[in-house]
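# Notes for the structure review
These are the residues of each chain, in order.
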Amino acid sequence: MAKSYRVGTGTRAVNRVFTVMTRFGIGKGYRYLLTVRGRKSGEPRSTPVDVMASDGRRWLVAAYGVTNWVHNTRAAGQVTISRGGRSEHLRTVELGPAESVPVLRQYLREVPVTRAYFDVTQDSADAEFAAESVLHPVFQLLPSA
């Protein structure tokens, strides 16, 4: 059974540290600061996220499940990702279960710290990964129109 993500004092502290590090371009190259407009407040909300890249394409993976940034991204359809003083405004398209499989596999391979939040392993069948995509949505990042 996958571990549940809880936002407590420790999580907030770690997110603050990762936010500062990412703003300065320190740490893993896949880590970015995601900013998206809140679906209720309309105010910009930021959180550190991991961006997967392959063959010139990029994706956001909701490693900790359907959290607030996922709801906000679904509502807004666009986000800003920042790292080391550079920002990009991008459109987002949520992938379907079959399209998510290779991205989720890559994510589990490259970001081992989050594996406990998934009910699949690298050895799981594609059908199991597709089912997992409901709990861990994947968004493709595309240039703004």
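Structure: see above.
What comes next concerns the included structure. Since the structure is predicted, the reported quantities are computational estimates derived from the model, not experimental observations.

Residue pairs three or four apart in sequence face the same way in an α-helix, which turns once every 3.6 residues. The terminal C-alpha atoms of helix α3 (residues 97–110) lie 20 Å apart, and with 14 residues this matches the ideal 20 Å at 1.5 Å per residue to within 8%. Within α3, the axis deviates most sharply at Val103, by approximately 25°. Every buried residue of α3 is listed here: Ser100, Val101, Val103, Leu104, Arg105, Gln106, Tyr107 and Leu108. In the core, the buried residues of α3 are packed alongside β2 (44–54), β3 (57–61), α4 (126–132) and β6 (138–143).

On to helix α2 (residues 68–76). Looking at α2, one finds that the buried residues are Trp69, Val70, Asn72 and Thr73. In an axial view of α2, the angular spread of the buried residues amounts to 165°, which keeps them on one side of the axis. The exposed residues of α2 that point more than 90 degrees off its buried face are Asn68 and Ala75. Where α2 is buried, its residues meet β1 (31–37), β2, β3, β4 (78–83), β5 (86–94) and β6. Two residues or fewer after α2 comes Gly77, characterised by a positive phi angle close to 75°.

The subject of this paragraph is unusual backbone geometry. The phi torsion at Asp55 lies on the positive side, around 50°, for a residue other than glycine. Relative to the assigned elements, Asp55 resides in the loop between β2 and β3. By relative accessible area, Asp55 is classed as exposed at 71%.

Attention shifts here to the environment of Tyr64. Among the structural elements, Tyr64 can be located in the loop between β3 and α2. The sequence separation of Tyr64 and Tyr117 amounts to 53 residues, and the corresponding C-alpha distance is 6.2 Å.

For the structure shown, the criterion picks out two aromatic pairs. Consider the rings of Tyr107 and Phe118, whose centres lie 6.2 Å apart with planes at 40°: the pair is tilted. With a gap of 11 residues between them, Tyr107 in helix α3 and Phe118 in the loop between α3 and α4 connect regions that are remote in the sequence. Relative accessible area serves as the criterion here: at 6%, Phe118 is assigned to the buried category.

It is worth spelling out the environment of Ala76 at this point. For Ala76, the position within the fold is in helix α2. Residue class for Ala76 comes out partly exposed when judged on its relative accessible area of 32%. Distance from Ala76 to Gly42, taken between C-alpha atoms, is 9.7 Å for residues 34 residues apart in sequence.

What counts, and at which threshold
- Residues numbered from 1 in each chain as written.
- Predicted model: local features only at pLDDT ≥ 70, side-chain atom pairs only at ≥ 80, totals over all residues.
- Heavy atoms only, no water.
- Helix = DSSP H or I, 4+ residues; strand = E, 2+ residues; numbered from the N terminus.
- Expected span 1.5 Å × (residues − 1).
- Bend = angle between axes of the 7 residues up to and from the residue.
- Buried < 20%, exposed > 50% of the residue type's maximum accessible area, 1.4 Å probe, protein only.
- Contact = heavy atoms within 4.5 Å.
- Arc of directions from axis to C-beta.
- Phe/Tyr/Trp six-rings, centres within 6.5 Å; stacked < 30°, edge-to-face > 60°.

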